[in-house]
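# Observations on chain architecture
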Amino acid sequence: MSTRAHNFNAGPSILPVSVVEQTAKAILDFNNSGMGIMEISHRSKDFEKVIQEAQADLLTLMGLSDKDYSVVFVGGGASLQFSMVPMNFLRKKADYVVTGEWATKAAKEAKLFGEVKEAASSKDKNFNYIPQNLALSGDADYVHITTNNTLYGTRWNQMPNVGNVPLVADMSSDFLSRELDYSKFKLIYAGAQKNVGPAGVTVVVLHKGWAAECAKDNLPTMLKYKTHMDNGSMFNTPPALPVYVSGLTFKWLLKNGGLKAIEQTNNQKAAMVYGAIDAHPEFYKATVTSKTDRSTMNVTWRLPSEALEEKFLNEAKARKMIGLKGHRAVGGIRASIYNACPVESCQALAQFMEEFYKANK
Ligand SMILES: *Cc1c(COP(=O)(O)O)cnc(C)c1O
């Protein structure tokens, strides 16, 4: 493989090199079968093993039991989950905490299926913080949060207390990035392309008891979680290649010490980039005002002028640092430093930031 770029793309994004290499081999020849992974039947024994191991490995990583939770692989992206969650579980009312653009979109879809109460929003400050006080209904069918706000660089570092109301989370951009008590959630979903694998598969981890008790039944077959749970995500042809790659990523995480270890590395990486920002606060302005709301996955900041931001991006690119342009909703710079982003890339970025400061202050 040629030298890899320092890949700070927000999604689709960097994957572990070893996973990419194994995938490249398996695309040509899977298990010495003379056929590639994209060319075999999803009903074959070989593929069944792939998908079942992926499901089991994921639950192991998250510290969940298959007695209580199902892992469902579906298409349609996290965006389809904005609809599937309320379609299946919103009977009367749901509470949504609106912490960014994705959360806004999730709440918008839910309104098609019932009453939506905005329990809190950080829109008043362009989503640059996580709201502390939630006005919860108490009798909602569920509370929906977005654990990491990809565009704005905020993250829930302390999960909200929602009492006995089922908690549902969009974890697309911080999925498997840290240890959490995942049993606090009844449903977790994540598009694969941020932290897990290629675009094309969405991972849903769903509490079986809640699904059995509360999910609606009079829905189109493919849009019911039950269909996918009952059939091991093989009701129809699953996105086989993305499932395969996601499975390899789960094994990569397990082999390297699980979520505890990746969380430590992620904290170390984030500390490097935030350290470079905080060293020169008059030059690098973190867009997230409260340090306790900072994401370890998406780091966002501004420079004194847009001209300097453009210069920064150009010079970064010359050093093979790719994907640093901030989302237009925030502007400035965003470094997405997902699980697979190596420590060396964060080191290189921090060093460049220091040099750029000295040359342009
Ligand atoms: C990227 C992203 C989405 C959208 O994912 P798709 O798979 O493209 O639909 C939703 N939520 C969050 C938090 C994201 O980062």
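Thresholds applied
Residues numbered from 1 in each chain as written. Predicted model: local features only at pLDDT ≥ 70, side-chain atom pairs only at ≥ 80, totals over all residues. Heavy atoms only, no water. Core = buried A, V, L, I, M, F, W, Y, C linked by side-chain atoms within 4.5 Å. Buried < 20%, exposed > 50% of the residue type's maximum accessible area, 1.4 Å probe, protein only. Helix = DSSP H or I, 4+ residues; strand = E, 2+ residues; numbered from the N terminus. Contact = heavy atoms within 4.5 Å. Salt bridge = Lys/Arg side-chain N within 4 Å of Asp/Glu carboxyl O. Expected span 1.5 Å × (residues − 1). Arc of directions from axis to C-beta. Axes fitted to C-alpha atoms, helices over the stretch in contact; angles between N-to-C directions. Parallel < 35°, antiparallel > 145°, perpendicular 65-115°, else oblique. Left-handed = near helix turned anticlockwise from the far one by under 90°. Nonpolar A, V, L, I, M, F, W, Y, C, P; charged D, E, K, R; others polar. Phe/Tyr/Trp six-rings, centres within 6.5 Å; stacked < 30°, edge-to-face > 60°. Lys NZ or Arg CZ within 6 Å of the ring centre and 35° of its normal. Domains from an automatic or database assignment. Polar contact = N/O pair within 3.5 Å; in protein donor to acceptor, adjacent residues only side chain to side chain. Pairing = 2+ DSSP bridges.

### Observations regarding the nonpolar core
One finds Phe47, Leu58, Met62, Phe73, Phe175, Leu176 and Val205 to be the most contacted residues of the largest nonpolar core, which totals 52 residues. In terms of residues, this core owes the most to one element, helix α2 (residues 45–62), which gives eight residues. The residues touching phenylalanine 73, leaving out its near neighbours within four places in the chain, are Ile51, Ala54, Gln55, Val201, Thr202, Val203, Ser233, Val243 and Phe250. Of all hydrophobic cores here, the second largest spans 31 residues; its members include Val273, Val299, Met321 and Ala340.

### Remarks on the pattern of salt bridges
Within the structure shown, the criterion is met by 13 salt bridges. One salt bridge connects lysine 226 with aspartate 230, and the closest N-O pair in it is separated by 2.7 Å. Of the two residues, lysine 226 and aspartate 230 both sit in helix α6 (residues 225–230), four residues apart, roughly one turn of that helix. Note that arginine 302 is salt-bridged to glutamate 306, the shortest N-O span being 4.0 Å. Residue arginine 302 is classed as partly exposed on the basis of its relative accessible area of 26%. Looking at glutamate 306, the relative accessible area reads 60%, which means it is exposed. Three or more residues are tied together by salt bridges with common partners; here these are Lys49, Glu53, Asp57 and Lys251.

### What about helix α1 (residues 17–28)?
Its 12 residues place the ends of α1 17 Å apart at the C-alpha level, agreeing with the 16 Å of an ideal helix rising 1.5 Å per residue. Looking only at α1, the buried set comprises Val19, Thr23 and Ala26. Seen along its axis, α1 keeps its buried residues to an arc of 65°; they face one direction. For α1, exposure combined with an orientation more than 90 degrees from the buried face picks out Lys25 and Leu28. Each element contacted by the buried residues of α1 is listed here: α7 (240–255).

### Section: the packing of α2 against α7
Remark: α2 packs on α7, axes separated minimally by 9 Å, with the N-to-C direction vectors making an angle of 40°. Between α2 and α7, the angle falls in the class oblique. As α2 packs across α7, the resulting crossing turns out to be left-handed. For the pair α2 and α7, contact is made by Phe47, Val50, Ile51, Glu53, Ala54, Asp57, Leu58, Thr60 and Leu61 and by Ala240, Val243, Tyr244, Gly247, Phe250, Lys251, Leu253 and Leu254, respectively. Tallied by class, residues from the contact of α2 with α7 come to 12 nonpolar, two polar and three charged.

### Quick word on the packing of aromatic side chains
Applying the stated criterion to the full structure yields 15 aromatic pairs. Ring geometry for tryptophan 301 and phenylalanine 312: centres 6.2 Å apart, planes at 90°, overall edge-to-face. Of the two residues, tryptophan 301 is situated in strand β12 (residues 298–302) and phenylalanine 312 in helix α9 (residues 306–318); the sequence distance between them amounts to 11 residues. Of the two residues, tryptophan 301 and phenylalanine 312, neither departs from the other in class, the shared state being buried. Taken together through their ring pairs, the aromatic side chains of Phe283, Tyr284, Trp301, Phe312, Phe352, Phe356 and Tyr357 make up a single cluster. The cationic tip of lysine 125 hangs over the ring face of tyrosine 129; the distance from NZ or CZ to the ring centre is 5.7 Å.

### Quick look at the environment of threonine 3
Structurally, the position occupied by threonine 3 is in the segment before β1 (6–7). The exposure class assigned to threonine 3 is exposed, which follows from its relative accessible area of 64%. Along the primary structure threonine 3 and alanine 119 are separated by 116 residues, whereas in three dimensions their C-alpha atoms are 47 Å apart.

### Side note on the side chain of asparagine 128
Position of asparagine 128 relative to the elements: it lies in the loop between β4 (115–121) and β5 (143–146). Aside from chain neighbours lying at most four places away, what touches asparagine 128 is Ser122, Thr154, Thr287, Val288 and Thr289.

### Re the domain arrangement of the chain
When the domains of the chain are assigned, the result is domain 1 (17–255) and domain 2 (258–360). For domain 1 versus domain 2, the distance between C-alpha centres works out to 27 Å. Residue-level contacts link 29 residues of domain 1 with 25 residues of domain 2. Connecting domain 1 to domain 2 are zero salt bridges. Summed over the shared surface of domain 1 and domain 2, the number is 16 residue pairs in polar contact (both at pLDDT 80 or more). Of all the elements in the fold, those that place two or more residues in the side of domain 1 that touches domain 2 are α2, β7 (154–155) and α7. At three residues, α7 tops the list of elements feeding residues into the side of domain 1 that touches domain 2. Across the side of domain 1 that touches domain 2, the residue classes tally to 12 nonpolar, 11 polar and six charged.

### Section: the sheet that holds β5
Strands sit in the order β2-β10-β9-β8-β5-β3-β4 across an open sheet of seven strands; the sheet is mixed. Each edge of the open sheet is held by one strand with a lone partner, namely β2 (69–74) and β4. Within the sheet, the average angular offset between the axes of one strand and its neighbour, ignoring direction, is 20°. Judged from the five bridges that link them, strand β9 (residues 187–191) and strand β10 (residues 202–207) form a sheet pairing that is antiparallel. Note that in β10 the partner of alanine 190 across the bridge is valine 203. Sitting on the sheet, helix α3 (residues 77–89) touches β2, β3 (93–98), β8 (167–170), β9 and β10, and the angle it makes with β9 is about 155°.

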